Amino acid sequence: MLTGKIRNDIDKLWEKFWTGGITNPLTVIEQISYLMFARMLDMQEEVAERKVARSGKEFDRIFPNTPEGQLLRWKNFKNLSGKELHKHLKTEVYPHFAKLGAKTESGFGHVAEYMQDADLEIKNESVLVSAVEMVEALPLTQSDVKGDIYEYLLSKLTTAGINGQFRTPRHIIDAMIELIAPQPTESICDPACGTAGFLARTMEYLSRVYSSSEAEGGQWKDEEGNIHYTGDQLEPYRTHINKNMFWGFDFDTTMLRVSSMNMALHGVNGANILYQDSLSKSIKENFPQQEENFFDVILANPPFKGSLDETNTNPDVLGLVKTKKTELLFVAHILRALKLGGRAAVIVPDGVLFGSSKAHQQLREELIERNQLEAIISLPSGVFKPYAGVSTAIMIFTKGGETDQVWFYDLAADGYSLDDKRTPIQDNDLPDLIAQYEKYRKARETVGWKSAATSDKNNPYAPWSDKKQKAFLVDKAAIAEQKYDLSINRYKEVVYEEQSYAPPKEILKELKKLEQEIMQDLFELEAML
């Protein structure tokens, strides 16, 4: 968790950027990312130098071992004056990033690749000095804090992008990860990764679930200063986690840069953050293996709006659903990219659930008849404010097999107000959602399918037989009868409470009494004038 001081320091720097003329929050994060990257490179070089001091072996340096090369290191330029610092970063340090793009020895993989076009946009020298001072003060050696630092920076992205892109609330991401429960042996993808929120939070989830606490096992620091727990169960999977587990695709290079840095700060330097339009037919050429039957888990909040040029769309995706709507095409692409038995949690606009077009019905039929649609979780319409007020839902499905029943949950509150301010409130259905779905999932594993539409009290699905509750089950046959409509209001039974009113004569009597009191007050007021 971040201390109040770190938050305050970041907030103060944010204000300086604003007064210094940089008002785009994504640009602010980008500029801070460059400085953090410069410091992290120097930190890694120091670790390598300490190893060399013991072994006596030379290593492939990030910075040339010359006077000019050593001036590129954070520790050697951080104290320069504003004017000197600006010139040095713009003409020497940032151009050096471009030379690292083809080198993976730096340990930062795709981060270095996306830093190639880094440019210093901080014109105000005092702002630049303040930014360097703040980055120097950040505890980047603490692996459990540096990810939180970047998450806090990303939380300041409060403007929606084009084509329906906007930041997914982190508590919604965390809930989706809990529902899917990814394992450290699996491959995980976000086909429209943005800032890599799903991937970074998955790493946090794994670290939390597979590491013992300090009280249980104690802790130790490696040579980079990163904290590890003695009961760390992730160690056997570190190579897989760092190189093969995480995959993110996007066609916005700024987002790729931000997401690569986000993963690096969450302890995954080799995450596969790649430039690619996931719906384009070029994916078959660029990533033929990953395009179909590859991933164990997909977590996504793909763009909600926009239409694609059919001639540039992956023809195999169009074979599943003939449409130009991105929200339908992304679900179809996710189905193809999953392994048999792979599972996905995807946020979709409500239109995907009840749309009446042939493409909408075709996709829903595909999910239900030839795959296992596990759950539909209806989200309140204010979840994505201030970006948008669109009504959405989470779809959870597994590739292959067929659906026997669908678990519905009506999430009315997520712990925040549903207006533009999104302030914390007491009402929060997310803990209940996670607990109930875990109970349902265990029942599935124990007894398999059994219709909930029965009066048998011993039926393990009895808790979800009442369609008046937040969570309930609907058999496939009932859904098929409704043209595979998946909107929760189609099946939820509304409880109407009888309202009682006073007789009309009593209401009139009360009105007359109130009128008399008003007239009396008017007479007294008139007497005072």
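Cut-offs and rules
Residues numbered from 1 in each chain as written. Predicted model: local features only at pLDDT ≥ 70, side-chain atom pairs only at ≥ 80, totals over all residues. Heavy atoms only, no water. Helix = DSSP H or I, 4+ residues; strand = E, 2+ residues; numbered from the N terminus. Contact = heavy atoms within 4.5 Å. Pairing = 2+ DSSP bridges. Axes fitted to C-alpha atoms, helices over the stretch in contact; angles between N-to-C directions. Salt bridge = Lys/Arg side-chain N within 4 Å of Asp/Glu carboxyl O. Buried < 20%, exposed > 50% of the residue type's maximum accessible area, 1.4 Å probe, protein only. Expected span 1.5 Å × (residues − 1). Disulfide = S-S within 2.5 Å. Phe/Tyr/Trp six-rings, centres within 6.5 Å; stacked < 30°, edge-to-face > 60°. Lys NZ or Arg CZ within 6 Å of the ring centre and 35° of its normal. 1 Å grid on protein atoms, 1.4 Å probe; cavity = no way out; pocket = protein on both sides within 12 Å on 5 of 7 lines; lining within 4 Å. Points joined across faces, edges and corners; volume = space filled by probe spheres on them. Core = buried A, V, L, I, M, F, W, Y, C linked by side-chain atoms within 4.5 Å.

J.: How would you explain the overall build of the protein chain if you had to name every residue and give the values?
T.: Along the protein chain, the regular secondary structure elements total 21 helices and 13 strands. When contacts within the protein chain are restricted to residue pairs at least 6 apart in sequence, long-range pairs at least 24 apart make up 72% of them.

J.: Which residues make up the sheet that holds strand 6 (residues 295-300), and what values go with them?
T.: The 9 strands are arranged 5-4-1-6-7-9-8-10-13 in an open sheet whose pairing can be described as mixed. Lying at the two open borders of the sheet, with one neighbouring strand each, are strand 5 (272-275) and strand 13 (471-475). Averaged over all pairs of adjacent strands, the angle between their axes in this sheet comes to 15°, without regard to strand direction. Alignment of strand 8 (residues 372-379) against strand 9 (residues 392-398), held across 7 bridges, turns out to be antiparallel. Looking across to strand 9, one finds that Ile 377 is bridged to Ile 394. Across the sheet, helix 10 (residues 197-209) lies against strand 1 (188-190), strand 4 (246-250), strand 5 and strand 6, angled at about 165° from strand 4, the strand it touches most. Here helix 12 (residues 238-245) sits on the sheet in contact with strand 1, strand 4 and strand 5, set at roughly 15° to strand 4.

J.: Describe the pattern of salt bridges, naming the residues involved and giving the relevant values.
T.: Under the counting rule described, the total for this entry stands at 34 salt bridges. Between Lys 156 and Asp 11 there is a salt bridge, with its nearest N and O atoms 2.8 Å apart. Taken as a pair, Lys 156 in the loop between helix 8 (143-154) and helix 9 (170-180) and Asp 11 in helix 1 (residues 4-19) lie far apart in primary sequence, 145 residues in all. A relative accessible area of 23% places Asp 11 in the partly exposed class. When the shortest N-O distance is used, the salt bridge between Arg 490 and Asp 485 registers 3.3 Å. One connected set of salt bridges, linked through shared partners, spans Asp 42, Glu 45, Glu 49, Arg 61 and Arg 73.

J.: A description of the side chain of Gln 290 should follow, citing residues and the corresponding values.
T.: Structurally, Gln 290 is set in the loop between helix 14 (283-286) and strand 6. Residues within four places of Gln 290 in sequence aside, it is in contact with Trp 247, Phe 249, Phe 295 and Ala 337.

J.: An account of the pairing of strand 4 is needed here, citing residue identities and associated values.
T.: Most of strand 4 is tucked away: 5 of the 5 residues are buried. In terms of strand pairing, strand 1 meets strand 4 through 3 bridges, oriented parallel. Paired with Ile 188 across the bridge in strand 4 is Phe 246. As defined by bridge partners, strand 4 adjoins strand 5 across 4 bridges and the pair is classed as parallel. When the sheet's bridge partners are listed, Asp 250 is paired in strand 5 with Tyr 275.

J.: Could you give me a rundown of helix 7 (residues 125-137), with the residues and numbers involved?
T.: The end-to-end C-alpha separation of helix 7 is 19 Å, in line with the 18 Å expected for 13 residues at 1.5 Å each. Along helix 7, the positions that sit buried rather than exposed are Val 127, Leu 128, Ser 130, Ala 131, Val 132, Met 134 and Val 135. Residues of helix 7 that are buried make contact with helix 1, helix 2 (25-55), helix 4 (74-77) and helix 5 (82-100).

J.: Before we move on, can you summarise the state of the cysteines with the specific residues and values?
T.: Here the structure, examined in full by the defined rule, presents 0 disulfides. Cysteine Cys 189 remains unbridged, with the sulfur of Cys 193 as its closest cysteine sulfur at 8.4 Å. Since its relative accessible area comes to 3%, Cys 189 is described here as buried. The exposure class assigned to Cys 193 is buried, which follows from its relative accessible area of 5%.

J.: Lay out unusual backbone geometry with the relevant residues and their values.
T.: A positive phi is found at Arg 422, a non-glycine position, where the angle reads about 50°. By the secondary structure assignment, Arg 422 is in the loop between strand 11 (414-416) and strand 12 (424-428). When its relative accessible area of 12% is taken as the criterion, Arg 422 is described as buried. A positive phi is found at Tyr 484, a non-glycine position, where the angle reads about 60°. Tracing the sequence through the fold places Tyr 484 in the loop between helix 20 (476-481) and helix 21 (504-528). Residue class for Tyr 484 comes out buried when judged on its relative accessible area of 13%.

J.: Tell me about the packing of aromatic side chains, residues and numbers included.
T.: What describes a pair of aromatic rings is the distance from one ring centre to the other and the angle between the planes of the rings. Within this structure, the stated rule accounts for 16 aromatic pairs. Summarising the aromatic geometry, the rings of Tyr 94 and Phe 97 are spaced 5.3 Å apart at their centres and angled 25° between planes, so their arrangement reads as stacked. Here the residue Tyr 94 and the residue Phe 97 both occupy positions in helix 5, the gap between them amounting to 3 residues, near one helical turn. On the basis of relative accessibility, which here comes to 3%, the residue Tyr 94 falls in the buried class. Geometry around Trp 14 places Lys 156 over its ring, the cationic atom sitting 5.4 Å from the centre.

J.: Which residues make up empty space enclosed by the protein, and what values go with them?
T.: Evaluated as defined, the whole model comprises 1 cavity of 30 Å³ or more. Every residue along the wall of the largest cavity is listed here: Cys 189, Pro 191, Phe 249, Ile 283, Gln 290, Phe 295, His 333 and Ala 337.

J.: Tell me what's going on with the environment of Gly 267, and back it up with residues and numbers.
T.: Turning to its location among the elements, Gly 267 is positioned in the loop between helix 13 (253-265) and strand 5. When its relative accessible area of 46% is taken as the criterion, Gly 267 is described as partly exposed. Sequence separation of Gly 267 and Ala 200 is 67 residues, and the distance between their C-alpha atoms is 9.1 Å.

J.: So, the nonpolar core: which residues are in play, and what are the values?
T.: By size, the foremost hydrophobic cluster in this structure holds 98 residues, and its most contacted members are Phe 246, Met 395, Phe 397, Trp 407 and Phe 408. With 8 residues, the top contributor of residues to this core is helix 16 (residues 326-337). Not counting residues up to four positions away in its chain, the partners in contact with Phe 408 are Ile 376, Lys 470, Ala 471, Phe 472, Val 474, Ile 479, Leu 486, Ile 488 and Tyr 491. Counting 56 residues, the second largest nonpolar core, distinct from the first, contains Ile 62, Met 134, Val 135 and Leu 154.

Geometric descriptors of this kind do not, in isolation, establish any biological role.
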